[in-house]
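Each chain, letter by letter, is given below.
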Amino acid sequence: MSAAPARSRRALRTAAAFTAAALSATLLAACGGGDDGPSAGAGKPADITFWGWAKGTKQVVDAFNASHKDVHVTYEEIPSGAAGGYAKLSNAVKAGNAPDVFNVEYPQLPDFVSQGAVQDISQYVGSDLKAEYLPQAVQLTTLGGATYALPLDAAPQVFYYRKDLFAKAGIKAPTTWDEFRSAAQKLKKAEPGSRIATFFPDDPTTFEAMAWQAGAPWFGTSGDTWQVGLDGADTQKVAAYWQKMIDDDLVRVQPSFSQQWTASLQKGQTAGYLGASWGGGVLKGTLPQDQSGKWAVAPLPSWNGAPASGMLGGSTFAVSKDSKKAKAAVEFATWATTTAQGIQARISSGDSSAYPADPELVPVAAKAFSTRFYGGQDIYAVYKSAAGSIGQKWTWGPAMGVTNNSLKDAFGKLSSSSGTIAQALATAQKDTVAEMRTRGLKVSAR
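Residues numbered from 1 in each chain as written. Predicted model: local features only at pLDDT ≥ 70, side-chain atom pairs only at ≥ 80, totals over all residues. Heavy atoms only, no water.

Colleague: Quick rundown of the packing of helix 9 (residues 177–190) against helix 11 (residues 233–247)? Include the residues and the values.
Modeller: Two elements in contact, helix 9 and helix 11, have axes whose closest approach is 12 Å; the angle formed by their N-to-C orientations is 5°. Relative to helix 11, the element helix 9 is oriented roughly parallel. Residues W177, F180, R181 and A184 of helix 9 touch helix 11, and the partners they reach there are Y241, W242, K244 and M245. When its residues are assigned to classes, the contact of helix 9 with helix 11 shows six nonpolar, no polar and two charged. (Axes fitted to C-alpha atoms, helices over the stretch in contact; angles between N-to-C directions. Helix = DSSP H or I, 4+ residues; strand = E, 2+ residues; numbered from the N terminus. Parallel < 35°, antiparallel > 145°, perpendicular 65-115°, else oblique. Contact = heavy atoms within 4.5 Å. Nonpolar A, V, L, I, M, F, W, Y, C, P; charged D, E, K, R; others polar.)

Structure below.
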């Protein structure tokens with residue numbers, strides 16, 4: 001398989017051109033191996049290995065194994081992707097001992113395709129199956145017309161906020177970013193020790209989702225050439241807005257999910273959280289029970305007040321390049337993402353508020369997740385509206401690991417006022433273009 005990286009680079013060039021036939025041929029040549037099918041032998045189930053980290057995953061595997069006799073899943077929990085999971089997966093792929101199937105977030109999927117780490121599973125994913133998922137999720141798992149993963153969840157952005165702190169400051173959930181700034185000013189005046197939200201310097205995906213919401217196309221294609229524009233006009237508008245929010249001390253600048261951030265929420269020093277649908281479970285599991293009933297969920301503010309959202313995270317199931325059990329792996333992934341039993345098992349753990357990529361399963365998730373922490377609010381109704389407003393013109397690039405690391409390093413300077421968001425974007429633009437060219441891809445900087 002030593003030729004796989006070169007072939008996968010050709011695949012990504014073809015993906016840039018969205019030429020399905022050529023891409024499929026290239027990746028099939030790169031990945032080679034056939035599929036043993038779901039049966040490992042007479043009377044014996046196919047035993048597939050699966051690596052993941054999402055909340056409720058063990059329960060999903062247990063439920064699948066209890067209800068299936070032809071396929072058995074051996075699960076290993078690994079750190080989340082950004083916390084070392086992706087490095088572990090990449091090393092396993094290089095060593096030839098990768099699991100049959102693993103979770104990968106939407107932004108990182110093109111990167112894994114670029115590395116030749118995942119298989120084209122189009123032959124196992126028919127049009128009927130794809131029709132079960134949100135179009136935005138299908139778009140993000142399709143490169144060059146070929147399917148490289150099955151969507152698990154969508155992750156529309158929403159705004160979580162403390163109802164009591166907002167009421168005390170005389171403000172309501174803002175519907176526009178202008179209203180958000182005004183609300184931040186009023187909150188700071190009424191409660192000098194409190195801020196409306198946090199800018200996460202270590203997590204560029206939150207900023208990326210807001211650029212997505214603003215309609216900023218970071219990546220696109222023209223012929224067989226990738227177009228890269230991380231610092232275009234729409235993104236600069238978002239950057240200028242958040243830079244001024246930081247400069248005027250209207251938001252906190254703290255690492256995501258850090259002790260600092262958690263403590264500020266617990267003490268009421270931070271009154272809101274710009275998160276995703278999965279964030280409902282995060283807050284519920286992080287904050288003390290004396291805050292139960294004090295939190296609510298609202299649509300993300302938009303630039304003109306009309307519903308609009310980007311996607312913050314969201315996971316998929318991908319099959320590793322060397323797996324000989326792709327058919328069995330897809331059988332498991334299909335069950336986990338499109339059946340009521342699969343979603344019920346994930347959500348009923350009590351920790352996950354994932355929004356299914358299969359819209360038909362949203363009622364199942366809503367019923368399984370207790371909203372007592374949110375005062376009984378129908379938070380999945382907010383998620384559903386946000387999911388429908390996710391822009392469909394966003395494309396992730398094939399080197400998001402490099403892009404995100406560059407942004408993370410530069411964003412780290414914001415708290416000391418030694419750098420700006422605009423400077424971070426300019427640096428990430430250069431680093432991303434350089435990396436893509438190193439991988440042999442044709443690139444045009446916008």
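Colleague: I'd like to hear about helix 14 (residues 326–338), residue by residue, with values.
Modeller: The end-to-end C-alpha separation of helix 14 is 18 Å, in line with the 18 Å expected for 13 residues at 1.5 Å each. With 11 of 13 residues buried, helix 14 is to be regarded as a mostly interior element. Those residues of helix 14 that sit buried are A326, A328, A329, V330, F332, A333, T334, W335, A336, T337 and T338. (Expected span 1.5 Å × (residues − 1). Buried < 20%, exposed > 50% of the residue type's maximum accessible area, 1.4 Å probe, protein only.)

Colleague: So what's going on with the layout of surface pockets? Which residues, and what values?
Modeller: Taken as a whole, the largest pocket holds about 1400 Å³ of empty space. If you trace the largest pocket, you find 46 residues lining it, with W53, S80, G81, A82 and E105 closest to the centre. Of all the elements in the fold, those that place two or more residues in the lining of the largest pocket are helix 4 (85–95), helix 5 (109–114), helix 10 (204–213), helix 13 (279–286) and helix 18 (400–411). Sorting elements by how many residues they give to the lining of the largest pocket places helix 18 first, with five residues. For the lining of the largest pocket, the residue count by class is 18 nonpolar, 19 polar and nine charged. (1 Å grid on protein atoms, 1.4 Å probe; cavity = no way out; pocket = protein on both sides within 12 Å on 5 of 7 lines; lining within 4 Å. Points joined across faces, edges and corners; volume = space filled by probe spheres on them.)

Colleague: Explain the side chain of S323 to me, and be specific about the residues and the numbers.
Modeller: Relative to the helices and strands, S323 is located in the loop between strand 16 (315–319) and helix 14. At 2.7 Å, the side chain of S323 forms a polar contact with the side chain of D100. (Polar contact = N/O pair within 3.5 Å; in protein donor to acceptor, adjacent residues only side chain to side chain.)

Colleague: Before we move on, could you go through empty space enclosed by the protein and cite the residues and values that matter?
Modeller: Summed over the entire model, instances satisfying the criterion amount to three cavities of 30 Å³ or more. Here the largest cavity is characterised by a volume of approximately 50 Å³. In terms of lining residues, the largest cavity is bounded by T198, F199, F200, D203, T206, F207, M210, W242 and L274. Among the secondary structure elements, those contributing two or more residues to the lining of the largest cavity are strand 10 (198–199) and helix 10. For the lining of the largest cavity, the element with the most residues is helix 10, which contributes three residues. Of the residues that constitute the lining of the largest cavity, the class distribution is six nonpolar, two polar and one charged. For the second largest cavity, the calculated volume is near 40 Å³. Along the walls of the second largest cavity sit V125, K130, Y133, V138, T141, T142, T147, A149, L150 and P151, which together make up its complete lining. For the lining of the second largest cavity, a count of residues per class yields six nonpolar, three polar and one charged.

Colleague: How would you sum up the pattern of salt bridges? Please name residues and give values.
Modeller: Scanning the model with the defined rule gives 12 salt bridges in all. Here the salt bridges share partners, and the residues they tie into one network are D111, E435 and R439. (Salt bridge = Lys/Arg side-chain N within 4 Å of Asp/Glu carboxyl O.)

Colleague: How would you explain the sheet that holds strand 9 (residues 157–162) if you had to name every residue and give the values?
Modeller: Strand-to-strand pairing in sheets goes through backbone hydrogen bonds, with the strands running parallel or antiparallel. Strand order in the open sheet formed by three strands is 14-9-15, and the pairing between neighbours is antiparallel. Each edge of the open sheet is held by one strand with a lone partner, namely strand 14 (272–276) and strand 15 (295–299). Neighbour-to-neighbour, the strand axes of this sheet turn through a mean angle of 30°, independent of strand direction. As paired strands, strand 9 and strand 14 are joined by five bridges and run antiparallel to one another. Within strand 14, the position partnered with Q157 by the bridge is A276. Together, strand 9, strand 14 and strand 15 form the strand contacts of helix 13, whose direction differs from that of strand 14 by roughly 135°. (Pairing = 2+ DSSP bridges.)

Colleague: Account for the packing of aromatic side chains, naming residues and giving values.
Modeller: Pairs of aromatic rings are described using the distance from one ring centre to the other and the angle between the two planes. Under the defined criterion, the tally for this structure stands at 40 aromatic pairs. Relative to W303, the ring of W177 lies with its centre 6.4 Å away and its plane at 50°, an arrangement referred to as tilted. Of this pair, W177 sits in helix 9 while W303 is found in the loop between strand 15 and strand 16, placing the two residues 126 residues apart along the sequence. Aromatic pair W212 and W396: ring centres 5.9 Å apart, planes at 85°, arrangement edge-to-face. With W212 in helix 10 and W396 in the loop between helix 17 (379–388) and helix 18, the pair connects residues that are 184 residues apart, well separated along the chain. Taken individually, W212 and W396 each receive the classification buried, so the pair is uniform in this respect. (Phe/Tyr/Trp six-rings, centres within 6.5 Å; stacked < 30°, edge-to-face > 60°.)

Colleague: So what about unusual backbone geometry? Which residues, and what values?
Modeller: Of note, the phi angle at F257 is positive, near 55°, even though the residue is not glycine. Residue position: F257 is located in the loop between strand 13 (252–253) and helix 12 (259–266). Taking relative accessible area as the criterion, F257 reaches 38% and is therefore assigned partly exposed.

Colleague: Break down helix 12 for me, with residues and values.
Modeller: Residues of helix 12 that are buried include every one of W261, T262, S264 and L265, and no others. Buried residues along helix 12 cover an arc of 160° about the axis, so they all sit on one side. Those residues of helix 12 hidden inside the fold are in contact with strand 9, strand 10, strand 13, strand 14, helix 13 and strand 15. At the C-terminal side of helix 12, G268 shows a positive phi close to 80°. (Arc of directions from axis to C-beta.)

By themselves these figures say nothing about function.
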